[in-house]
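Examination of the molecular architecture
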Amino acid sequence: VQLVESGGGLVQAGGSLRLSCAASGSIFSINDMGWYRQAPGKERELVARITRRGTANYADSVKGRFTISGDFGKIMVDLEMNSLKPEDTAVYYCRVTSAGTYPFWGQGTQVTVSS
């Protein structure tokens, strides 16, 4: 099973982007789906995560600007990003966790925000 991300790109500060992630096959007993990011020289960090019950968690730095949504039946998760800032520049990764197995990761999509 692969997670395929799309929607990254170059945008000016204040702009918006929507990232999408979809699984190429079946994943059973999914616990949550989320987005992480890694900027150059920094560790990978959680951006947003949504559980099967619909609970969403966000990094403090993106609260009020980013919105995560997911379809657990189709194994798809999107990240709507508004009011983007240069510090949001990073490679964004989709992740799906399920019971009894290692997390699934996407290959990453670059988001670059120019000032």
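Structure's up top.
Residues numbered from 1 in each chain as written. Predicted model: local features only at pLDDT ≥ 70, side-chain atom pairs only at ≥ 80, totals over all residues. Heavy atoms only, no water.

**Things to note about the overall build of the protein**
What counts is decided by this rule: Strands here mean DSSP runs of E at least two residues long; helices mean DSSP runs of H or I at least four residues long; both are numbered from the N terminus. C-alpha atoms define the radius of gyration in this analysis, and the globule rule sets the expected value at 2.2 Å times the number of residues to the power 0.38. A 1.4 Å probe rolled over the protein chains alone gives each residue an accessible area, and that area as a share of the maximum for its type sets the label: buried under 20%, exposed over 50%, partly exposed in between. Whether two residues touch is decided by their heavy atoms; if any such pair falls within 4.5 Å, the residues are in contact. In short, Shrake-Rupley with a 1.4 Å probe defines the accessible areas, and a residue's cover is counted only from the protein chains shown. Counting rule applied: Lys, Arg positive; Asp, Glu negative; His and chain ends not counted. Charge positions come from single atoms, namely NZ of Lys, CZ of Arg, CG of Asp or CD of Glu.
For the protein, the count of helices and strands is zero helices and 11 strands. In sequence order, the secondary structure elements of the protein are arranged as β-β-β-β-β-β-β-β-β-β-β. The C-alpha atoms of the protein give 13 Å as radius of gyration, which agrees with the globular expectation for 115 residues (13 Å, within 12%). For the protein, the spread of C-alpha atoms along the three principal axes comes to 40 × 25 × 25 Å. Per-residue burial for the protein yields a buried fraction of 40% across its 115 residues. Residue pairs at least 24 apart in sequence account for 55% of intrachain contacts in the protein once pairs closer than 6 positions are excluded. Of the roughly 6100 Å² of accessible surface on the protein, 48% is carried by carbon and sulfur atoms. Distance between charge centroids for the protein: 4 Å, based on 12 positive and 10 negative side chains.

**Focus: the state of the cysteines**
Spelled out, the test is: A pair of cysteine sulfur atoms is labelled a disulfide when the two atoms are within 2.5 Å.
If you walk through the whole model with that rule in mind, you get one disulfide. Sulfur-sulfur distance for the disulfide between Cys21 and Cys94 comes to 2.1 Å. Since a negative S-S torsion denotes a left-handed disulfide, the Cys21-Cys94 link at about -75 degrees is left-handed. Placement of Cys21 in strand E3 (residues 17-23) and of Cys94 in strand E9 (residues 90-98) is noted, with a sequence separation of 73 residues between them. Looking at Cys21, the relative accessible area reads 2%, which means it is buried.

**Some details on the packing of aromatic side chains**
Let me state the cut-off plainly: Only centres within 6.5 Å qualify two rings of Phe, Tyr or Trp (six-membered ring in Trp) as a pair; their planes then separate them into stacked at under 30 degrees, edge-to-face at over 60, and tilted for everything else. Should the NZ of a Lys or the CZ of an Arg lie within 6 Å of a ring centre and within 35 degrees of the ring normal, that charge is described as sitting over the ring.
Under the counting rule described, the total for this entry stands at two aromatic pairs. Ring geometry for Tyr36 versus Trp105: centroids 5.2 Å apart, planes at 65 degrees, classification edge-to-face. Of this pair, Tyr36 sits in strand E4 (residues 30-38) while Trp105 is found in strand E10 (residues 104-105), placing the two residues 69 residues apart along the sequence. On the accessibility criterion, Tyr36 (11% relative accessible area) is buried. Residue Trp105 is classed as partly exposed on the basis of its relative accessible area of 34%. Members of the aromatic cluster, each reached through a chain of ring pairs, are Tyr36, Tyr93 and Trp105. Note that Arg44 overlies the ring of Tyr93, its terminal NZ or CZ placed 3.7 Å from the centroid. We note Arg44 situated over the ring of Trp105; from NZ or CZ to the ring centre the distance is 4.7 Å.

**Topic: the nonpolar core**
Our working definition: Here the nonpolar core consists of buried residues drawn from Ala, Val, Leu, Ile, Met, Phe, Trp, Tyr and Cys, with membership extended through side-chain atoms lying within 4.5 Å.
Within the largest apolar cluster, 30 residues are counted, with the highest numbers of intra-cluster contacts made by Trp35, Leu79, Met81 and Tyr92. The set of elements that each furnish at least two residues to this core consists of E3, E4, strand E5 (45-51), strand E7 (66-71), strand E8 (76-81), E9 and strand E11 (109-114). In contact with Leu79, other than residues within four places in its own chain, are Leu17, Arg18, Leu19, Trp35, Val47, Ala48, Phe66, Thr67, Ile68 and Tyr92.

**Observations concerning the pattern of salt bridges**
Using the following cut-off: By convention in these notes, a salt bridge is any Lys or Arg side-chain nitrogen within 4 Å of a carboxyl oxygen on Asp or Glu.
Under the definition given, this model contains six salt bridges. Salt-bridge contacts for Asp78 lead to Arg18; the nearest nitrogen and oxygen are separated by 3.1 Å. Here Arg18 lies in strand E3 and Asp78 lies in strand E8, a separation of 60 residues in the sequence. For Arg18, a relative accessible area of 41% translates into the label partly exposed. Through salt bridges that share partners, Arg37, Glu45, Arg65 and Asp88 make up one connected network.

**Points about the environment of Gly9**
Structurally, Gly9 can be placed in strand E2 (residues 9-12). Distance in space between the C-alpha atoms of Gly9 and Val111 is 5.0 Å, their sequence separation being 102 residues. Not counting the four nearest positions on each side in its chain, Gly9 is found in contact with Leu17, Gln110, Val111 and Thr112.

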